[in-house]
Each structure stands twice: as structure tokens, then as C-alpha cells.
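# Structure at a glance
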Amino acid sequence: FAATSVPLTWRRTLLGAVLASGLDALAARRSAAQLWGASGAATNRVEVVVQRGTRRRIKGGRVIESTDLLPSDATVIDGIPVTSLPRTLIDCAAKVGSSHLPAMADDAGHGARRRVMQDHRRDRERAEPVARREPRALEMVTERRHSAVA
């Protein structure tokens, strides 16, 4: 179910495919790499990974079954469940080749750091009214984000 007034985008299609593939489904491989901002990952094809035995068919995309999908392999980018950056790079290694992988990793790492910094700014803005009453609160938010970037 989707509102027809909202334009159909690749991200919306990807989110729909992930949701249609089951509760533990994640955007994967080149779709995940594109979400992470990795160079050379641009694709119109949707790739989703699920636990083995929960395979579903999706229109215009591919569902990949995995025997080793762990909870630590999952994260969320812009509301879309996606494989973690290390899992994404491992999954893409065979497709892109070893010569392209370092550039993909650098680009994706920059994208991840940008997201952490944006989250940091948003957390500071949310914490400032509390910090006036509780000065240590803002410090704790800053420490938490700083350790995530390091």
C-alpha cells in the first residue's frame, strides 16, 4: 500500500521490496552499497537478502538466501533495513573485483561518517533544552557520538 501522490523512486521501490520480503529482510549487495554511498554501486536492480528458507519473489529484483545472516549484519539507512557496511563490502567483493573494492570502501566510509555527524548535530539540537537544566546531558551525547566516529 502506498500513496499515489508520492513519486516512485528507487529508494521507495527498494523499501517496498525489503518489506515485502519478510521481517528479517535487508537491502543487500549493490543496493546496500548504493545506500551506503559507495562508488561503482549504482544500480536500478533491487537486491534483498533473507535467511535461507524464507525466500520470496519480488518484482524487478532479486531475493538472495543466506545461511549466515546475523543480527549484527543489520542496520537502517533512511528508514530502509540494510546490511551493515562490512557485510555489504564482503558481499560486493566478488561482483566488483578486488581493484574496485578499496574505492567502494572509502566512499561508503565517508557516507557513514557523514550520517554519524548529521545524527550528532540532530542529537545536540534535541539535547540543548535538557542541557540547560542538566549540563551533563549534552556532554554525554557528545561523548557517545565522538566515540562512534573514532
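Rules and cut-offs
- Residues numbered from 1 in each chain as written.
- Predicted model: local features only at pLDDT ≥ 70, side-chain atom pairs only at ≥ 80, totals over all residues.
- Heavy atoms only, no water.
- Helix = DSSP H or I, 4+ residues; strand = E, 2+ residues; numbered from the N terminus.
- Contact = heavy atoms within 4.5 Å.
- Salt bridge = Lys/Arg side-chain N within 4 Å of Asp/Glu carboxyl O.
- Buried < 20%, exposed > 50% of the residue type's maximum accessible area, 1.4 Å probe, protein only.
- pLDDT = per-residue confidence, 0-100.
- Core = buried A, V, L, I, M, F, W, Y, C linked by side-chain atoms within 4.5 Å.
- Pairing = 2+ DSSP bridges.

### Quick word on the overall build of the protein chain
Counting its regular elements, the protein chain contains five helices and five strands. The N-to-C order of helical and strand elements in the protein chain reads α-β-α-β-β-β-β-α-α-α. Looking at the protein chain alone, contacts between residues at least 24 apart form 49% of all its contacts between residues at least 6 apart.

### Observations regarding unusual backbone geometry
At Arg-29, a residue that is not glycine, the phi angle is positive and equals roughly 50 degrees. If you trace the backbone, Arg-29 turns up in helix α2 (residues 29-36). In this model, Asp-78 sits at a positive phi of 50 degrees, which is unusual for a non-glycine residue.

### Some words on the environment of Leu-14
By the element assignment, Leu-14 lies in helix α1 (residues 10-20). Residues Leu-14 and Ile-80 lie 66 residues apart in sequence; the distance between their C-alpha atoms is 7.9 Å. Leave out the neighbours within four places in its chain, and Leu-14 touches Ala-27, Ser-31, Leu-35, Val-46, Glu-47 and Ile-80.

### Focus: the pattern of salt bridges
Tallying each qualifying case throughout the model produces six salt bridges. Arg-30 is the salt-bridge partner of Glu-47, the closest N and O atoms lying 3.1 Å from each other. In this pair, Glu-47 is assigned in strand β2 (residues 46-51) and Arg-30 in helix α2, connecting sequence segments 17 residues apart. Asp-73 is paired through a salt bridge with Arg-87; the nearest N and O atoms lie 3.0 Å apart. You can see Asp-73 sitting in the loop between β3 (61-66) and β4 (74-77) and its partner Arg-87 sitting in helix α3 (residues 85-96), a full 14 residues away along the chain. Here Asp-73 and Arg-87 have matching classes, each one buried. Among the ionic contacts, a cluster of salt bridges with common partners joins Asp-68, Asp-73, Arg-87 and Asp-91.

### So, the confidence of the model for the protein chain
Mean pLDDT for the protein chain: 76, with 63% of residues reaching 70 or above. Within the protein chain, the element-level pLDDT minimum falls on helix α5 (residues 135-149), averaging 52, and the maximum on strand β1 (residues 26-27), averaging 96.

### Here we look at the environment of Ala-74
Counting through the fold element by element, Ala-74 comes out in strand β4. When the C-alpha positions of Ala-74 and Asp-24 are compared, they lie 8.9 Å apart, and in sequence the two are 50 residues distant. Residue contacts for Ala-74: discarding those within four places in its chain leaves Leu-26, Val-82 and Ser-84.

### Some points on the nonpolar core
Within the largest apolar cluster, 24 residues are counted, with the highest numbers of intra-cluster contacts made by Leu-14, Leu-35 and Val-48. Among the secondary structure elements, those contributing two or more residues to this core are α1, α2, β2, β5 (80-83) and α3.

### Some points on the pairing of β5
Where β4 and β5 come together, four bridges link them in antiparallel fashion. Bridge assignment links Ile-77 to a residue of β5, and that residue is Ile-80. The turn joining β4 and β5, which pair antiparallel and follow one another in sequence, is formed by two residues; a positive phi near 50 degrees is taken by Asp-78.

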